[in-house]
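One-letter residues, chain by chain:
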Amino acid sequence: MPELPEVETTVNAISGILTKRQIKFLKVYQPKLRYFFKSTWLNSIVGQKIINVKRRGKYIIINLQVGALIVHLGMTGKLFFSKPNEPLKKHDHFDLNVGQFNLRYNDPRRFGCLIWTKSEPLKHKLIIKLGEEPFSNNFTGTYLYERRQKHKTSIKNFIMNNKVVVGVGNIYANEALFLAGINPKTKACNISLVRFNKLVLCIRNVLNQAIEAGGTTLQDYFSPLGEPGYFKTKLYVYGREHEQCRNCETTIKKVIIGQRSSFYCYHCQT
DNA sequence: ACAGTAACCTGTTTGC
DNA sequence: TGCAAACAGGTTACTG
């Protein structure tokens, strides 16, 4: 499920309810997620008041009076409110309870995580090395242009590298490169400043649209039908191998770049 | 210090 | 229908 828009939507959905409430209990049913949850942390967590809920990259940071919880949704993680005594379903891994509200985590592939850190979460080793936020004023074409020289890799790998910019996953990397008219296989070091300027705008554009659709997705998620739509109708290239380009009717190609499926139109993207 | 690959894990889709 | 292989939204650890 989650690329940055999904995480953003999740944070918006939970922060209003969790903020200022006290953690009544935290039950961890499966400590073995991407990182092991140490049961000794529980003493430091339970009873604390939640100060706020923030996002950094795709990490969800739940700031407490002392330290913070850091949650990542991995590939398949979902956070949602359940009844406190709702029977556990398969792959439900923890409950964070603040009284009448109970935040539950479900993650079939267990690539997500829940950890507690005593000190400033933004200085945690998972967080501190992250690159620019895509909506930050520091994320500019010039920023990408200046960093490009070190990177002989493809532009697609470059923008998916979270030490460069966070929040651009496989789907939106494909879509942003289509909008920018850049072939995903082009080496990052060969891209001009003008094209980087455009790419920055396209990345923001794609993420913004998805954040809007993400709200819808989350509502759908709670509905009995359940399945998120991923606003598939809006996708230009992702998952559209053998279909026609929406601009020029050229057949969309699929190639593997950095072990990830990559889709592009060789006519529109050069 | 960087590029490329393997690994973490389960569910779903695809192909024989 | 059954079974195996391929593949999936992320990220890090390792190797060269």
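Residues numbered from 1 in each chain as written. Chains lettered and ligands numbered in written order. Predicted model: local features only at pLDDT ≥ 70, side-chain atom pairs only at ≥ 80, totals over all residues. Heavy atoms only, no water.

Helices and strands together make up the secondary structure of chain A, namely seven helices and 10 strands. Relative to the 2.2 N^0.38 estimate, which gives 18 Å for 270 residues, the radius of gyration of chain A is 20 Å and therefore close to what a compact globule would have. Dimensions of chain A, computed from the C-alpha atoms along their principal axes, are close to 55 × 40 × 30 Å. Across the 270 residues that make up chain A, the buried fraction comes to 48%. Here the analysis covers contacts within chain A between residues at least 6 apart in sequence; of these, 65% occur between residues at least 24 apart. On chain A, roughly 13600 Å² of surface is accessible, and the fraction owed to carbon and sulfur atoms is 50%. (Helix = DSSP H or I, 4+ residues; strand = E, 2+ residues; numbered from the N terminus. Rg over C-alpha atoms; globule rule 2.2 N^0.38 Å. Buried < 20%, exposed > 50% of the residue type's maximum accessible area, 1.4 Å probe, protein only. Contact = heavy atoms within 4.5 Å. Areas by Shrake-Rupley, 256 points an atom, 1.4 Å probe, with all protein chains shown as cover.)

The next thing to look at is the protein's contact with DNA strand B. Inspection of the region around DNA strand B gives Lys32, Lys90, His91, Pro108, Arg109, Arg110, Phe111, Lys150, His151, Lys152, Thr153 and Gln259 as its neighbouring residues. In DNA strand B, atoms within 4 Å of the protein come from the sugar-phosphate backbone in 58% of cases. Take His91: an N or O atom from its side chain is 2.5 Å from a phosphate oxygen of DNA strand B. One nitrogen or oxygen atom from the main chain of Pro108 is found 3.4 Å from a sugar or linking oxygen belonging to DNA strand B. Among the residues making up the surface near DNA strand B, the classes are represented as two nonpolar, four polar and six charged. (Near = heavy atom within 4 Å. Polar contact = N/O pair within 3.5 Å; in protein donor to acceptor, adjacent residues only side chain to side chain. Nonpolar A, V, L, I, M, F, W, Y, C, P; charged D, E, K, R; others polar.)

All right, on to the side chain of His93 then. Here His93 lies in strand β6 (residues 92-97). Apart from residues no more than four positions distant in its own chain, His93 is found in contact with Lys27, Val28, Tyr29, Gln30, Leu33, Tyr105, Asp107 and Arg110.

The next point concerns the layout of surface pockets. Within this model, the largest pocket holds a volume of roughly 1100 Å³. Lys58, His72, Gly74, Met75 and Arg260 are the residues nearest the centre of the largest pocket, which is lined by 33 residues in total. Among the secondary structure elements, those contributing two or more residues to the lining of the largest pocket are α5 (155-160) and α6 (170-180). Split into classes, the residues belonging to the lining of the largest pocket amount to 16 nonpolar, 10 polar and seven charged. (1 Å grid on protein atoms, 1.4 Å probe; cavity = no way out; pocket = protein on both sides within 12 Å on 5 of 7 lines; lining within 4 Å. Points joined across faces, edges and corners; volume = space filled by probe spheres on them.)

Our next topic: the side chain of Asp107. With respect to the helices and strands, Asp107 occurs in the loop between β7 (102-106) and β8 (113-117). Buried and unpaired, Asp107 has Arg109 as its nearest opposite-charge partner, separated by 7.1 Å. If we ignore the near neighbours within four places in the chain, the residues touching Asp107 are Leu73, Thr76, Gly77, His91, His93 and Gly112. (Lys, Arg positive; Asp, Glu negative; His and termini not counted. Salt bridge = Lys/Arg side-chain N within 4 Å of Asp/Glu carboxyl O.)

According to the domain assignment, chain A consists of domain 1 (4-128) and domain 2 (141-264). Here the C-alpha centroids of domain 1 and domain 2 sit 28 Å apart. (Domains from an automatic or database assignment.)

So, about the packing of aromatic side chains. Evaluated as defined, the whole model comprises eight aromatic pairs. Here Phe178 and Tyr236 contribute two aromatic rings whose centre-to-centre distance is 5.1 Å and whose plane-to-plane angle is 15°, an arrangement assigned as stacked. One end of the pair, Phe178, is in helix α6; the other, Tyr236, is in the loop between α7 (193-222) and β9 (253-257), and 58 residues separate them in sequence. Exposure remark for Phe178: the relative accessible area of 5% places this residue in the buried category. Each member of the aromatic cluster is reached from another via a ring pair, and the members are Tyr145, Phe158 and Phe196. (Phe/Tyr/Trp six-rings, centres within 6.5 Å; stacked < 30°, edge-to-face > 60°.)

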